[in-house]
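Residue-level structural notes
Spelled out from the first residue to the last, the chains are:
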Amino acid sequence: MSKSKKFVALFLAFALVLSMFSLGGCTEDTEEGTETEETTEEGTEAAGEFILVEEGKLLVGSDTAFPPFESMNGDVAEGFDVDLMNAIGEKLGLEVVFMTEIFDTLIPTLVAGGKFDVIASGMTIKPEREEEIDFTDPYYDSNQSLVMKAGSTYTGPSDLSGKKIGVQSGTTGEAWAQENIPDAELVPFKNATEAFSAAAAGNVDAIVNDLPVSTELLKEDDRGLEIVAQIPTGEQYGFGVSKENTALTEAMNEALAELREDGTYAEIYEKWFGIAPE
Amino acid sequence: MGDRIVRSMRLRRAAAGALLIVLMLSVAAPALAMSTSRITIDQKTGGLQTRFTYQATADEDAGVDRIDFLFPEGFDTEDVYVELTLLDGLKRIKADYEVEILESGAVSISFDPAVPAKSNLFIEVYDVITPIAGGTYEIPVEYEAVTTDDDTETRKDPGLTVTYATPPRQEALSRWLENQSLVRSWNSVKFLNIFFKPQHIVVAFPLLFKGWLKSLSLVLLAFPISIIGGLLIAFMKMAKIAPVRWIASVYINVIRGTPLFLQIFVVFIGFRTIGIRLPDFLSAVAVLSFNSSAYLAEIFRAGIQSISRGQFEAASSLGMTYWQAMQHVIIPQTVRRVLPTMTSEFILLFKDTALLAAVGIFELMMYSQNYVARNANLTAFTVAAIYYLIITIPLINLVGRLEARLAQSEGGSSAPPKGRHKRGVLLGSGAAAPEGAPAPGLGPAVGSGPQVDFDHSAAKHESR
């Protein structure tokens, strides 16, 4: 068997795989088309024109290491986002299933489609993200925080110049640190809890992270970290939905508005934050 | 993991009142005076649509009813839009405002009612196109302050600058690609757009190169260390003194029986928490070496013990000591036998460097993850895959050739048929794709000489 034949075979195999992919793309398109037609027929009797990955289920992508918004209690997700999504699911007549994902891949995965329908991961609504996906109406007002070893002094971002700053990859905290701290060496972590472990071990000098999460993570922490500054950013969290699924965004907004009205939202808010929403 | 669950449960139980404390603290948070305000940008190079973020706290004595950003010449503000966030401490408050883009390029934001004194202001001006040439530019800001006696006066917020660089060549190339019709139609296919976007390929390739070098240097440093460590442990495991054997066994079993991921966390988080710390790069090399030496130890031990006892006996009958026999008879044969498995271990170790991204080592995976996070596109993963394959494919090939040569050189014993068999099937299946099912008679032509019988079986295999 000559070498060149081996390469021909390899090339053909590669071509085959590629063509399968492109065929897959075609069928997917037509499937989507028929699905929307079907559902519009159904739509006359039930409100549900949106596309779902799995029928009857609302699959939710989430970075479940972000308490009190979402964290894993054993293999069960819990938190503010989880309860709120469950309540929305109830309104829509769908079973809500949380799937643990890595924060920075949430948006590309949602855009690629086929894995989950919604992002519920304490995600700030930002115009940069809105170019890729849609967001529901905001459901929580948040800010940033700077976490350092207890007793550290901090007067402004220039104090941190040249220091190692731990952030969660793909977050607004990362963007803030990048823009505001001159010559900072950013060290991105997969999730917030890993960043905190690294700070406790002294691998990074400071962490920039969402304030409510830092508060929660440090509440019963004896590793000698504290919030040295609160950074007002006034960012707002929203649930992310694919741009091709505007019907779902609308349905979720409606459900969210109903939950705010009937007091369920306030109840869930108080359960997780201990105070009533504004 | 278990610890974390327990903690998160405790956290929930203790949830009540915590946010209240946060809000109380926030009132006392130090406020930025308008004079310590700043402007930041989200791009590092010029010529791009850029977001300008102005952060400031309104003066103590006056509200603000208009802010003008006087962008200098060269800044294109034609298509800008403004997002505004107004905070009282940490609490969002409602703001009504209108944005006007003046002919001069200035962006003017007027508030009705005026922004209250001391409130925190965030103004994000999106899609300003900056001049391509890098440098430090001053952005003059003027605002109309409304004092308590309803007087208005124009105040200045001077000295606000932004700095960025001239874009490097690959970025310019990426932007040129953006406007090509061929690239556009390529990108209109979702699969190609997500995994093979040309604009990202040209930028990610040079960027990820640094990560590739880091991964490569990690494994090139760690592997020789693990060869020495592996040999040491292998001999310990074959030692005559029982406790030495036990130590080696425990080491091998613990390392091989736990994930590398866990070992990384122990060294990077655990050891450092109790005060043992090495620089990041050395820690990474250490973890990889610890891990790999356990696997290599087993590979070496199996290699040495696979040499028949008779050779030892023959060597000692020639008057050689144990170590002389090892050095002149056993080891040379072992090296040839373990070379393929060692190369495979090298490939595994190289791929395992990816796990170090979790603890903040800037290796190939880390670079590609960051790129993906920033650009919401998976092309950087494809580029990383190519970088990994550049190393692994030639090595995988080498393993195959080493195995074949080993099989040939050890002809006669039980090894050759096994080796030939593997190779025969490999070649057979390769031929199947272009030629369809070949005639069974083709089989013997593939091999040659004494293995004719065996190649028949391979041919049978492929036609099935």
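Read on for a plain summary of the structure. (Residues numbered from 1 in each chain as written. Chains lettered and ligands numbered in written order. Predicted model: local features only at pLDDT ≥ 70, side-chain atom pairs only at ≥ 80, totals over all residues. Heavy atoms only, no water.)

Structural notes on the overall build of chain A
Along the backbone of chain A there are nine helices and 13 strands. Within the span of chain A, comprising 278 residues, buried residues form 54% of the whole. Summarising the internal contacts of chain A: among those between residues at least 6 apart in sequence, 69% fall at separations of at least 24. (Helix = DSSP H or I, 4+ residues; strand = E, 2+ residues; numbered from the N terminus. Buried < 20%, exposed > 50% of the residue type's maximum accessible area, 1.4 Å probe, protein only. Contact = heavy atoms within 4.5 Å.)

A short note on helix H8 (residues 260-273) of chain B
End to end, H8(B) covers 19 Å across 14 residues, agreeing with the expected 20 Å (1.5 Å per residue, within 8%). Leu260(B), Gln263(B), Ile264(B), Val267(B), Phe268(B), Ile269(B) and Arg272(B) are the residues of H8(B) that are buried. Residues of H8(B) that are buried make contact with helix H6 (192-200) of chain A together with helix H7 (242-257), helix H9 (280-306) and helix H11 (322-352) of chain B. At the C-terminal side of H8(B), Gly275(B) shows a positive phi close to 100°. (Expected span 1.5 Å × (residues − 1).)

Topic: the packing of helix H6 (residues 198-237) of chain B against helix H12 (residues 364-375) of chain B
Helix packing for two helices is described by the angle between their axes and how far apart those axes are. All names here are of chain B. Two numbers describe how H6 lies on H12: the axes approach to 7 Å, and their chain directions differ by 150°. Taken together, the axes of H6 and H12 lie roughly antiparallel to each other. The two elements H6 and H12 meet at a crossing, and its hand is right-handed. Note on element contacts: H12 touches H6 through Leu364, Tyr367, Ser368, Tyr371 and Asn375, opposite His200, Val203, Ala204, Leu207, Leu208, Lys210, Gly211, Trp212 and Ser215. Across the contact of H6 with H12, the residue classes tally to eight nonpolar, five polar and one charged. (Axes fitted to C-alpha atoms, helices over the stretch in contact; angles between N-to-C directions. Parallel < 35°, antiparallel > 145°, perpendicular 65-115°, else oblique. Left-handed = near helix turned anticlockwise from the far one by under 90°. Nonpolar A, V, L, I, M, F, W, Y, C, P; charged D, E, K, R; others polar.)

Considerations on the sheet that holds strand E12 (residues 225-237) of chain A
All names here are of chain A. Read across the sheet, five strands follow the order E10-E9-E11-E8-E12 without closing on themselves; strand pairing throughout is mixed. Every other strand in the sheet has two partners, leaving strand E10 (185-189) and E12 as the edge strands with one partner each. If you compare each strand with its neighbour and ignore which way they point, the axes differ by 25° on average. In terms of strand pairing, strand E9 (residues 164-168) meets E10 through five bridges, oriented parallel. In the strand pairing of E10, Gly166 is matched with Val187. (Pairing = 2+ DSSP bridges.)

What about the packing of aromatic side chains?
Tallied over the full model, the rule gives 38 aromatic pairs over all chains. Aromatic ring contacts, followed pair by pair, group Phe66(A), Phe69(A), Phe80(A), Tyr139(A), Tyr140(A), Tyr237(A), Phe239(A), Tyr265(A), Tyr269(A) and Phe273(A) into a single cluster. Of note, Arg260(A) hangs over the ring of Tyr265(A), and the distance from its end group to the ring centre comes to 4.3 Å. Residue placement shows Lys240(B) over the ring face of Tyr322(B); its charged tip is 5.4 Å from the ring centre. (Phe/Tyr/Trp six-rings, centres within 6.5 Å; stacked < 30°, edge-to-face > 60°. Lys NZ or Arg CZ within 6 Å of the ring centre and 35° of its normal.)

What to know about the side chain of Gln144(A)
Residue and element names in this part refer to chain A. Looking at where Gln144 falls in the secondary structure, it is placed in strand E8 (residues 140-149). Here Asp210 takes part through its side chain, which lies 3.0 Å from a polar atom of the side chain of Gln144. Ignoring sequence-local partners within four residues, the contact set of Gln144 consists of Thr172, Gly173, Val208, Asn209, Asp210, Leu211, Gln230, Ile231, Thr233 and Glu235. (Polar contact = N/O pair within 3.5 Å; in protein donor to acceptor, adjacent residues only side chain to side chain.)

Focus on the pattern of salt bridges
Residue and element names in this part refer to chain B. In the structure shown here, the tally under the stated rule is 23 salt bridges over all chains. Between Glu298 and Arg256 there is a salt bridge, with the nearest N and O atoms lying 3.9 Å from each other. With Glu298 in helix H9 and Arg256 in helix H7, this residue pair connects regions lying 42 residues apart in the sequence. With relative accessibility at 13%, the residue Glu298 sits in the buried group. Counted as one network, the salt bridges with shared partners bring together Asp59, Asp61, Glu153 and Arg155. (Salt bridge = Lys/Arg side-chain N within 4 Å of Asp/Glu carboxyl O.)

Here's the deal with the environment of Gly166(A)
All names here are of chain A. Along the chain, the position of Gly166 falls in strand E9. What makes Gly166 buried here is its relative accessible area of 0%. With 28 residues separating them in the primary sequence, Gly166 and Glu194 have C-alpha atoms 9.3 Å apart. Once residues within four sequence positions are removed from consideration, Gly166 is found in contact with Val187, Phe189, Val204, Ala206, Ile207 and Val208.

What about the pairing of strand E7 (residues 107-115) of chain B?
Remember that side chains alternate between the two faces of the sheet whenever the strand is regular. Residues and elements named next belong to chain B. As paired strands, strand E3 (residues 62-69) and E7 are joined by five bridges and run antiparallel to one another. Bridging from a neighbouring strand, Phe69 pairs with Val107 of E7. Between strand E6 (residues 97-101) and E7, which follow one another and run antiparallel, lie five residues, and Gly105 among them has a positive phi close to 95°.

By themselves, these figures tell us nothing about what the structure is for.
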